Amino acid sequence: MSTAPDAADIRRRTRELLAAHPPATTGPTDFLRARFDAGLAWVHYPAGLGGLDVPRSLQAVADAELAAAHAPDNDPRRIGIGLGMAAPTILDHGTDEQKRRFLRPLWVGEEVWCQLFSEPGAGSDLAALGTRAVRDGDDWVVDGQKVWTSSAHLARWAILLARTDPDVPKHRGISYFICDMSDPGVEVRPLRQITGEAEFNEVFLTGVRIPDSRRLGPAGEGWKVARTTLMNERVSIGGARVPREGGMIGAVARTWRERPELRTHDLHQRLLTLWVEAEVARLTGERLRQQLVAGQPGPEGSGMKLAFARLNQEISGLEVELLGEEGLLYGDWTMRRPETVDFTGRDAGYRYLRSKGNSIEGGTSEVLLNIVAERVLGLPAEPRDDKDVAWKDLAR
């Protein structure tokens, strides 16, 4: 009778992987493919899909062995949407064929993903989206516009929400698709941000044909599928693991220690307060990840994402004040389309400007406050007058 792998078994499997595919002589892509096939990509996933059907906590055992051997990683910042949003949604709602087709190249980083959710008229109220998908034989024909799409200029695939039934209330007439960004009719245009860069895009969909085989979940039940994506998205944004005094607070703390001439009593008090709050948020994130070992992400991830946005904005504001005139400088306003967002490797001006988007991306802070109030604190829901009204009859 076989037993489930434990920490010793994970360690043995990782060392066997390293012996068979030495990082020093194996190309990064080949190594990552072998790691996936060995079940050491995300150990809590099913066997054959990059995992071993073991607790999520055992991932740390494999990661420690791989880090000690200087094994390549899959550059998670570049493929964060695929890892944090598309993969768990495909795992929960995809067919066996979809899981086999998409999860391996997604995790290895061979295929970048983006998220076609928000629209010019459906941002905070995502369920009001108007992009249409009409059934035509074995395909769906999609027309509409999406906005604030990170990495669309790099992506091969997208997770897409579209309205398939305008005659029912807005939450019930949505379907969830996987869209090939290289298909005819997909146009990606850059959106230049306050930072000068264009990591975001707007995406126009004109007569894009999507096979029904790339639909996730039943037709008309896309909102249920989307909730899986959104809960995982907020955990991936707000609950990322950071070391003590890591992230934004680390940059300010280093400046404080290295530049004593900049210190004032008021700035000292504010720094202490934010340092403590950042540490509380970090420890709360650790507790949330421990809860994930036993189940699925819940509304607590929304609270973490709220804290992430507020802290980033307050800490970056303090950093600019601490630096005085230097804080008003901005290093580079070049228009470019970056592959990743780097908060800690850039200057204070970039951090200050880029953090303004933290309270918008991944769910606005206002919407997340409602989620925390209703689903964590159990407060009464806000009144709604559109609950039983067909989408086509809503004022727009």
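Computed from a prediction, not measured in an experiment: that's the story for all the values here.

If you walk through the whole model with that rule in mind, you get 39 salt bridges. Residues E65 and R11 are paired through a salt bridge, measuring 3.6 Å at the closest nitrogen-oxygen approach. Of this pair, E65 sits in helix α3 (residues 59–68) while R11 sits in helix α1 (residues 7–20), and the two are 54 residues apart along the sequence. Its salt-bridge partner being E199, residue R354 comes within 2.6 Å of it at the nearest N-O pair. Of the two residues, R354 sits in helix α10 (residues 348–354) while E199 sits in the loop between β6 (186–191) and β7 (200–211), which places them 155 residues apart along the sequence. R354 sits in the buried class, given a relative accessible area of 5%. Salt bridges sharing common partners tie together D9, R12, R13 and E16.

Take helix α11 (residues 365–376) next. Residues of α11 that are buried: S365, L368, I371, V372 and A373. Directly after α11, the chain includes G378, whose backbone phi takes a positive value near 75 degrees.

A grouping of V376, L377 and L379 is seen on the molecular surface, where their side chains present a nonpolar patch of about 280 Å² in accessible area. Along the polypeptide, V376 turns up in helix α11.

Here we take up the state of the cysteines. Evaluation of the coordinates by the stated rule reveals zero disulfides. A disulfide-free cysteine, C114 has its sulfur positioned 7.8 Å from the sulfur of C179, the nearest such atom.

What follows covers the packing of aromatic side chains. The description of two aromatic rings rests on the distance between their centres and on the angle between their planes. Applying the stated criterion across every chain yields a total of ten aromatic pairs. Judged by centre distance (4.2 Å) and plane angle (20 degrees), the rings of W42 and Y45 are stacked. This pair shows no difference in class: W42 is buried, exactly as Y45 is. An aromatic cluster of at least three residues, connected via ring pairs, comprises F36, W42, Y45 and W107. Its end group placed over the ring of Y350, R346 keeps NZ or CZ at 3.8 Å from the ring centre.

Note on placement: E339 falls in the loop between α9 (300–323) and α10. Separated by 262 residues in the primary sequence, E339 and R77 place their C-alpha atoms 8.5 Å from one another. The contact partners of E339, leaving out residues within four places of it in the chain, are R78 and L154.

Trans is the prevailing form of peptide bonds, just as negative phi is the prevailing case for residues other than glycine. Within the chain, D53 stands out as a residue other than glycine whose phi angle is a positive 60 degrees. As for its position among the elements, D53 is in the loop between α2 (28–37) and α3. In this structure D53 comes out as exposed when scored by relative accessible area, which is 53%. For W148, which is not glycine, the phi dihedral falls at a positive 60 degrees. Examined against the element boundaries, W148 turns out to sit in the loop between β3 (139–146) and β4 (157–163). Residue classification places W148 among the exposed positions, given a relative accessible area of 51%.

Rules behind the numbers
Residues numbered from 1 in each chain as written. Predicted model: local features only at pLDDT ≥ 70, side-chain atom pairs only at ≥ 80, totals over all residues. Heavy atoms only, no water. Salt bridge = Lys/Arg side-chain N within 4 Å of Asp/Glu carboxyl O. Helix = DSSP H or I, 4+ residues; strand = E, 2+ residues; numbered from the N terminus. Buried < 20%, exposed > 50% of the residue type's maximum accessible area, 1.4 Å probe, protein only. Patch = residues over 30% accessible without salt bridge, like charges linked within 9 Å, V, L, I, M, F, W, Y side chains within 5 Å. Areas by Shrake-Rupley, 256 points an atom, 1.4 Å probe, with all protein chains shown as cover. Disulfide = S-S within 2.5 Å. Phe/Tyr/Trp six-rings, centres within 6.5 Å; stacked < 30°, edge-to-face > 60°. Lys NZ or Arg CZ within 6 Å of the ring centre and 35° of its normal. Contact = heavy atoms within 4.5 Å.

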